[in-house]
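Report on the structure
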Amino acid sequence: QRKNKISGLKLREQLDTWVEYGTLEPDVADALKTLQMKQGEWLDLSDMYFVLLGAASAMGPLMFLLSLGANVVAVARPRALRGILDKAKDSPGKLMFPVKKGTDWKGMLAKGDFDSLAKVSGCDLMTQAPEIAAWACSVAPGKQLTVGNYTYLDGALHVQIAVACDCIMQRLC
């Protein structure tokens, strides 16, 4: 990651320099300038809902979406969910995840006891696809869901998890 970040007028000037040099097409520069002017309006995802299958994936958009205030329905295993809880706690986004029935998850959350919460949360895409699909359908009724599959396993397991995710996505879409 670069140490020097530019914004405002300096960013606009840099975009113009790149266009003059031929590094960037003029329409791309114009689009980035428009985005810069409207970022507060365009980059507020607080009314958007995203279902992330394999939410803890390093290649997934979890933290980016939460940083923009999105509502994220996280499908991840308990151990992976533990890391997600730590990352999400100070974000402006809203995180939703499956919790075993009959647990005092609100009390655990209020105490900040993420270790205990992770033990009663999460799910397994390989063995619980129908239950995950039913749960995900109930989380945000009437809302448009954007669904992404960010899972990966080696070999034949990848085919199995892809099929499980396809079944969930078919149910949600």
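The present account deals with the structure reproduced in this document. (Residues numbered from 1 in each chain as written. Predicted model: local features only at pLDDT ≥ 70, side-chain atom pairs only at ≥ 80, totals over all residues. Heavy atoms only, no water.)

Before going further, it helps to examine the overall build of the protein. Counting its regular elements, the protein contains eight helices and four strands. The helix and strand sequence of the protein, counted from the amino end, reads α-α-β-α-β-α-β-α-α-α-β-α. Taken over C-alpha atoms, the radius of gyration comes to 20 Å for the protein, far larger than the 16 Å a tight globule of 173 residues would show. Along the longest, intermediate and shortest principal axes, the C-alpha atoms of the protein span 60 × 40 × 35 Å. Classification of the 173 residues of the protein by burial places 34% in the buried group. Across the protein, every contact between residues at least 6 apart in sequence was considered, and the portion connecting residues at least 24 apart equals 57%. Of the roughly 11200 Å² of accessible surface on the protein, a fraction of 54% belongs to carbon and sulfur atoms. The positive charge centre, built from 20 side chains, and the negative charge centre, built from 18, are 8 Å apart in the protein. (Helix = DSSP H or I, 4+ residues; strand = E, 2+ residues; numbered from the N terminus. Rg over C-alpha atoms; globule rule 2.2 N^0.38 Å. Buried < 20%, exposed > 50% of the residue type's maximum accessible area, 1.4 Å probe, protein only. Contact = heavy atoms within 4.5 Å. Areas by Shrake-Rupley, 256 points an atom, 1.4 Å probe, with all protein chains shown as cover. Lys, Arg positive; Asp, Glu negative; His and termini not counted. Charge placed at Lys NZ, Arg CZ, Asp CG, Glu CD.)

On to the environment of Ser138. Its location among the elements puts Ser138 in helix α7 (residues 129-139). Using a relative accessible area of 46% as the deciding quantity, one classes Ser138 as partly exposed. Between the C-alpha atoms of Ser138 and Ala162, which are 24 residues apart in sequence, the distance is 22 Å.

Once that is clear, we can look at the side chain of Gln36. Structurally, Gln36 is set in helix α2 (residues 26-42). A distance of 3.0 Å separates a polar side-chain atom of Gln36 from the backbone oxygen of Gly8. Once you skip the residues sitting within four places of it in the chain, Gln36 turns out to touch Ser7, Gly8, Leu11 and Arg12. (Polar contact = N/O pair within 3.5 Å; in protein donor to acceptor, adjacent residues only side chain to side chain.)

Judged by nonpolar contacts, the single largest core of 22 residues is most densely connected at Val72 and Leu95. Secondary-structure elements contributing two or more residues to this core are β1 (49-53), α3 (62-67), β2 (71-75), α4 (78-88) and α6 (114-119). Ignoring anything within four residues of it in the chain, the contact list for Leu95 reads Leu62, Val72, Ala74, Ile84, Leu85 and Ala88. (Core = buried A, V, L, I, M, F, W, Y, C linked by side-chain atoms within 4.5 Å.)

With that out of the way, let us pick up the pattern of salt bridges. Per the stated rule, a full pass over the model turns up three salt bridges. Among the ionic pairs, Lys33 bridges to Asp16, the shortest N-O distance being 2.4 Å. Remark: Asp16 occurs in helix α1 (residues 8-21) and Lys33 occurs in helix α2; sequence separation between them is 17 residues. We classify Asp16 as partly exposed; its relative accessible area is 33%. Here the salt bridges share partners, and the residues they tie into one network are Arg82, Asp86 and Asp115. (Salt bridge = Lys/Arg side-chain N within 4 Å of Asp/Glu carboxyl O.)

It is worth spelling out the side chain of Ser91 at this point. Examined against the element boundaries, Ser91 turns out to sit in the loop between α4 and β3 (94-96). Ser91 sits in the buried class, given a relative accessible area of 19%. Engagement of the side chain of Ser91 in a polar contact is seen with the backbone nitrogen of Gly93, the distance being 3.3 Å.

The next point concerns a nonpolar patch on the surface. A surface patch of nonpolar side chains, amounting to about 380 Å² of accessible area, comprises Val28, Leu32, Leu35, Trp42 and Leu43. Among the structural elements, Leu35 can be located in helix α2. Exposure remark for Leu35: the relative accessible area of 31% places this residue in the partly exposed category. (Patch = residues over 30% accessible without salt bridge, like charges linked within 9 Å, V, L, I, M, F, W, Y side chains within 5 Å.)

This part takes up helix α8 (residues 156-172). With 17 residues, α8 should reach 24 Å at 1.5 Å per residue; the first-to-last C-alpha distance of 25 Å fits that figure. Close packing links the buried residues of α8 with β1, α7 and β4 (145-149). (Expected span 1.5 Å × (residues − 1).)

Bringing the packing of α1 against α2 into the picture now. At a minimum axis distance of 9 Å, the contact between α1 and α2 shows a crossing angle of 170 degrees. Judged on the interaxial angle alone, α2 and α1 are roughly antiparallel. In this structure, α1 contributes Gly8, Leu11, Arg12, Leu15, Asp16 and Val19 to the contact, and α2 contributes Pro26, Ala29, Leu32, Lys33, Gln36 and Met37. Of the residues belonging to the contact of α1 with α2, the class tally is seven nonpolar, two polar and three charged. (Axes fitted to C-alpha atoms, helices over the stretch in contact; angles between N-to-C directions. Parallel < 35°, antiparallel > 145°, perpendicular 65-115°, else oblique. Nonpolar A, V, L, I, M, F, W, Y, C, P; charged D, E, K, R; others polar.)

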